[in-house]
Amino acid sequence: MIQPDLWMKELTEKLIVLFEDRLAFVGLQGSYQRNEAHEGSDIDAVVIFETLTIQDIKAYRELLSTMPDGEKSCGFLSGRQELQNRPKHELFQFAQDTRAFYGDLSSLLPAFDRQDILQGTKISAANLYHACCHAAVHEGDPLDALKGLYKGAFFLMQLVYYLRQGVYLHTKSELSKKLSGEEQEILTFSMNWSGNCDRVCENPDRFFDLLLGWTAQILDSSF
């Protein structure tokens, strides 16, 4: 099992040597950042350059081959300007979910407000609603499709809770304690999918319907 602090420290030191002052930021996202990783989890490193070229990407790929479990790296690369030019509705959650190991992420991001967060929430809900409809019709294995959909529901719930309460909860366990009703049911299934496979297999349509109903409510909400 990867020890994320040590892994990120080694990665950061190698990046500094390789790219020097062209390196703007290094951080960690994902399940390792939330302390929810398992043996098969990817490690989601965020690396921001002052400018990013294809030569930098190739050099970074080669650097990862020198890292222990480097094949598990699955992160985010960008140039500074390209990050600043991304749609603002994406950046609130990006900032909240990133733990810094080098540099200051806030200085690289444009200002965003509640309207940007609301837009991001609506877009995420619309995408999850569409994905649910598509999977219910076209996916041959509903169990595998639902697993991915319920995983995605967690990230949407983080935004929804923030818009309602003004607090961003980083982990599933934190969020689960604050939810009730169908939202808690959705998150509980996401957290213990393997233990609920039999129930899902018995009636997958119920679990599609649960997500469809919830995402439809989010799309209709003004918060």
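None of these values were measured; they are calculated from a predicted model.

The subject of this paragraph is the overall build of the protein. When helices and strands are tallied, the protein shows 11 helices and four strands. Computed over its C-alpha atoms, the radius of gyration of the protein comes to 19 Å, within 12% of the 17 Å expected for a compact globule of 223 residues. Principal-axis analysis of the C-alpha atoms gives the protein an extent of 55 × 35 × 35 Å. Going through the 223 residues of the protein one by one, you find that 43% of them count as buried.

A few words now on the pattern of salt bridges. One pass over the full model with this rule turns up 10 salt bridges. One salt bridge in this structure joins K9 and E13, with 2.6 Å as the shortest N-O distance. One end of the pair, K9, and the other, E13, are both in helix α1 (residues 4–19), four residues apart, so they sit about a helical turn from each other. Residue class for K9 comes out partly exposed when judged on its relative accessible area of 47%. Owing to a relative accessible area of 42%, E13 belongs among the partly exposed residues under this scheme. Notably, a salt bridge pairs K14 with E10, separated by 3.1 Å at the nearest N-O pair. One end of the pair is K14 and the other is E10, both in helix α1 and four residues apart, which spans about a single turn.

With mixed pairing, the four strands of this open sheet are ordered in space as β3-β2-β1-β4. The outermost strands of the open sheet, each flanked by one partner alone, are β3 (76–79) and β4 (99–102). Across the sheet, the mean angle from the axis of one strand to that of its neighbour is 20 degrees, orientation sign disregarded.

Another point: helix α3 (residues 54–64). Here α3 has its buried residues at D56, A59, Y60, L63 and L64. The buried residues of α3 all sit within an arc of 140 degrees when viewed along its axis, so they share a single face. Looking at α3, the residues exposed on the side facing more than 90 degrees away from the buried face are I54, Q55, R61 and E62. Looking at the buried residues of α3, the elements they touch are α1, β2 (44–49) and β3.

In this section: the packing of aromatic side chains. Counted under the stated rule, the structure contains nine aromatic pairs. When the ring of F92 is compared with that of Y162, the centres are 4.6 Å apart and the planes differ by 45 degrees; the resulting orientation is tilted. Of the two residues, F92 is situated in helix α5 (residues 88–96) and Y162 in helix α7 (residues 142–165); the sequence distance between them amounts to 70 residues. According to the relative accessible area criterion, F92 is buried, its value standing at 5%. Taking the ring centre of F154 as reference, the NZ or CZ of K172 above it sits at 5.6 Å. We note R206 situated over the ring of F207; from NZ or CZ to the ring centre the distance is 5.2 Å.

Within β2, six of the six residues are buried, which leaves it mostly tucked inside the rest of the structure. Residue alternation in β2 divides its side chains into two sets, D44, V46 and I48 and A45, V47 and F49, and both sets are buried. Relative to β2, strand β1 (residues 23–29) runs antiparallel, the two being bridged by six bridges. Of the residues in β2, the one forming a bridge with V26 is V47. Following the chain from β2 across α3 to the adjacent parallel β3, one finds a crossover that is right-handed.

For the rest of this paragraph, the subject is the pairing of β3. Judged from the four bridges that link them, β2 and β3 form a sheet pairing that is parallel. Following the sheet pairing, V46 is matched in β3 by F76.

Residue placement: Q29 occurs in strand β1. Of the residues examined, Q29 reaches a relative accessible area of 15% and is grouped as buried. A polar atom in the side chain of Q29 sits 2.7 Å from the side chain of T98.

Conventions adopted
Residues numbered from 1 in each chain as written. Predicted model: local features only at pLDDT ≥ 70, side-chain atom pairs only at ≥ 80, totals over all residues. Heavy atoms only, no water. Helix = DSSP H or I, 4+ residues; strand = E, 2+ residues; numbered from the N terminus. Rg over C-alpha atoms; globule rule 2.2 N^0.38 Å. Buried < 20%, exposed > 50% of the residue type's maximum accessible area, 1.4 Å probe, protein only. Salt bridge = Lys/Arg side-chain N within 4 Å of Asp/Glu carboxyl O. Pairing = 2+ DSSP bridges. Axes fitted to C-alpha atoms, helices over the stretch in contact; angles between N-to-C directions. Arc of directions from axis to C-beta. Contact = heavy atoms within 4.5 Å. Phe/Tyr/Trp six-rings, centres within 6.5 Å; stacked < 30°, edge-to-face > 60°. Lys NZ or Arg CZ within 6 Å of the ring centre and 35° of its normal. Right-handed = clockwise from strand over helix to strand, strands pointing away. Polar contact = N/O pair within 3.5 Å; in protein donor to acceptor, adjacent residues only side chain to side chain.

On their own, these measurements won't tell you what the molecule is for.
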